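Each chain, letter by letter, is given below.
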Amino acid sequence: MMTQTRSLLSAAALGALSLALASGAAGQNGAGNGASAAAATQQVGVQVTARATAVIAAPMAGQLVEFPAADGDSVKEGDVLVRFICAQQDAMLARAKAELVKRQELLKTQQALKALNAYSKADFATAQNDVGVATADVAVAQTAVDNCIVKAPFSGRVAATSVRNHQFVQAGAPLLDVVDDRDLELEFIVPSLWLAWLKPGAPMRMRVSETQQDYDGKITRVSGKVDAASQTIKIYGRIEGDTASLLPGMSGTAQFPSASR
């Protein structure tokens with residue numbers, strides 16, 4: 001919920017900045033300063049986001065026995081992020097496997113009797129069904145054991161943690177946020193009239209407030225819907241070149257040379 005709230009606030013801030021810039025440009029046009037208005041409309045607010053981000057939630061209710069991740073840590077795909085106490089789940093799996101072996105042996109006996117033509121069709125069918133049920137029980141128990149360990153879905157960085165080691169959590173409770181800080185994307189909210197010239201592939205120049213550096217990039221895609229109330233639309237872009245100094249959540253301004261054409 002906190003991640004969604006931050007995203008909504010960021011989108012609102014970008015929209016307000018874009019509308020303010022567009023309104024300023026309109027006012028300058030009304031004053032007869034067409035050249036200044038064209039320059040003003042080239043610049044909009046932009047936010048750096050991660051294309052891959054995940055809020056990792058607890059797949060089961062239980063007590064944490066291993067929670068090594070801390071905010072800012074780098075993780076690799078497959079790394080163990082969370083481990084629950086799993087004694088009960090391990091015992092249930094062992095019992096399910098033992099029951100499966102038992103049912104398989106009973107089925108073998110029925111198969112031997114069938115080969116001698118000294119079997120009951122009802123008993124044979126029951127033995128087959130029992131093996132199927134026992135196999136399914138093993139799969140269910142195995143899933144419960146697998147849920148005792150939570151692994152990183154992709155490589156990236158821990159962006160936030162919501163619990164501590166040895167804490168008891170409920171199923172579905174948020175544990176930590178993971179973002180892919182290597183695959184970054186840019187988000188803009190611009191006047192929908194800009195769609196006449198702002199297309200995927202259009203070049204852009206971005207200045208990031210936190211780093212006070214300029215970066216070249218290009219537009220990659222356009223949202224599929226215009227906001228009818230504000231007559232704005234969300235645009236996405238990518239930075240071309242080194243992004244090692246950037247983090248999701250950074251913001252700045254972007255200029256589009258295509259606007260002057």
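Everything below is about the structure shown above.
Everything numeric here is computed off the predicted structure, so don't read it as measured data.

K.L.:
I'd love a proper account of the sheet that holds strand S12 (residues 213-222), names of residues and values included.
P.N.:
Strands sit in the order S1-S10-S13-S12-S11-S14 around a closed barrel of six strands; the barrel is antiparallel. If you compare each strand with its neighbour and ignore which way they point, the axes differ by 40° on average. Two elements, S12 and strand S13 (residues 232-239), share five bridges in a ladder whose sense is antiparallel. Following the sheet pairing, Gly 217 is matched in S13 by Ile 239.

K.L.:
Which residues make up the environment of Ala 173, and what are the values?
P.N.:
Tracing the backbone shows Ala 173 in the loop between strand S8 (168-169) and strand S9 (174-179). Spatially, the C-alpha atoms of Ala 173 and Met 60 are 8.9 Å apart, while their sequence positions differ by 113 residues. In this structure Ala 173 touches Ile 56, Ala 57 and Ala 58, once residues within four positions along its chain are discounted.

K.L.:
Mind laying out the environment of Ala 171, listing which residues take part and the relevant values?
P.N.:
You can see Ala 171 is positioned in the loop between S8 and S9. Distance in space between the C-alpha atoms of Ala 171 and Pro 59 is 5.5 Å, their sequence separation being 112 residues. Ignoring sequence-local partners within four residues, the contact set of Ala 171 consists of Ala 58, Met 60 and Ala 61.

K.L.:
Residues and numbers for unusual backbone geometry, please.
P.N.:
Even without being a glycine, Gln 212 presents a positive backbone phi close to 55°. With respect to the element layout, Gln 212 can be found in the loop between strand S11 (203-208) and S12. One non-glycine residue, Gln 231, adopts positive backbone phi at about 55°. As for its position among the elements, Gln 231 is in the loop between S12 and S13. On the accessibility criterion, Gln 231 (45% relative accessible area) is partly exposed.

K.L.:
Residues and numbers for the pairing of strand S14 (residues 251-255), please.
P.N.:
Note that strand S1 (residues 43-50) and S14 share five bridges and pair antiparallel. Counted as the bridge partner of Val 46 is Gly 252 from S14. Here S11 runs beside S14; their pairing, made up of four bridges, is antiparallel. Pairing of Arg 205 across the sheet is with Gln 255, part of S14.

K.L.:
How would you sum up the nonpolar core? Please name residues and give values.
P.N.:
The biggest cluster of nonpolar side chains holds 33 residues, and the ones touching the most others in it are Leu 81, Val 82, Phe 84, Leu 175 and Leu 176. Elements supplying a minimum of two residues to this core: strand S2 (53-57), strand S5 (80-84), helix H3 (87-115), helix H4 (121-146) and S9.

K.L.:
Can you lay out H3 for me, pointing to particular residues and giving the numbers?
P.N.:
Compared with an ideal rise of 1.5 Å per residue, which puts 29 residues at 42 Å, H3 spans 42 Å between its outermost C-alpha atoms and is within 8% of the ideal. All of the buried residues in H3 are Gln 89, Leu 93, Ala 96, Leu 100, Leu 107 and Gln 110. Along its buried surface, H3 packs onto H4.

K.L.:
Describe the packing of aromatic side chains, listing the residues and the values that go with them.
P.N.:
Throughout the structure, instances matching the rule amount to five aromatic pairs. Ring geometry for Trp 194 versus Trp 197: centroids 5.3 Å apart, planes at 35°, classification tilted. The class of Trp 197 is partly exposed, set by a relative accessible area of 25%. Through pairs of rings, three or more aromatic residues link up here, namely Phe 188, Trp 194, Trp 197 and Phe 256.

K.L.:
Would you mind going over the packing of H3 against H4 in detail, with residue names and values included?
P.N.:
Running from amino to carboxyl end, H3 crosses H4 at an angle of 160°, the nearest separation of the two axes being 8 Å. Accordingly, the angle class assigned to the pair H3 and H4 is roughly antiparallel. Relative to H4, H3 is oriented so that their crossing is left-handed. The class makeup of the residues in the contact of H3 with H4 is 13 nonpolar, seven polar and eight charged.

Cut-offs applied
Residues numbered from 1 in each chain as written. Predicted model: local features only at pLDDT ≥ 70, side-chain atom pairs only at ≥ 80, totals over all residues. Heavy atoms only, no water. Pairing = 2+ DSSP bridges. Helix = DSSP H or I, 4+ residues; strand = E, 2+ residues; numbered from the N terminus. Axes fitted to C-alpha atoms, helices over the stretch in contact; angles between N-to-C directions. Contact = heavy atoms within 4.5 Å. Buried < 20%, exposed > 50% of the residue type's maximum accessible area, 1.4 Å probe, protein only. Core = buried A, V, L, I, M, F, W, Y, C linked by side-chain atoms within 4.5 Å. Expected span 1.5 Å × (residues − 1). Phe/Tyr/Trp six-rings, centres within 6.5 Å; stacked < 30°, edge-to-face > 60°. Parallel < 35°, antiparallel > 145°, perpendicular 65-115°, else oblique. Left-handed = near helix turned anticlockwise from the far one by under 90°. Nonpolar A, V, L, I, M, F, W, Y, C, P; charged D, E, K, R; others polar.

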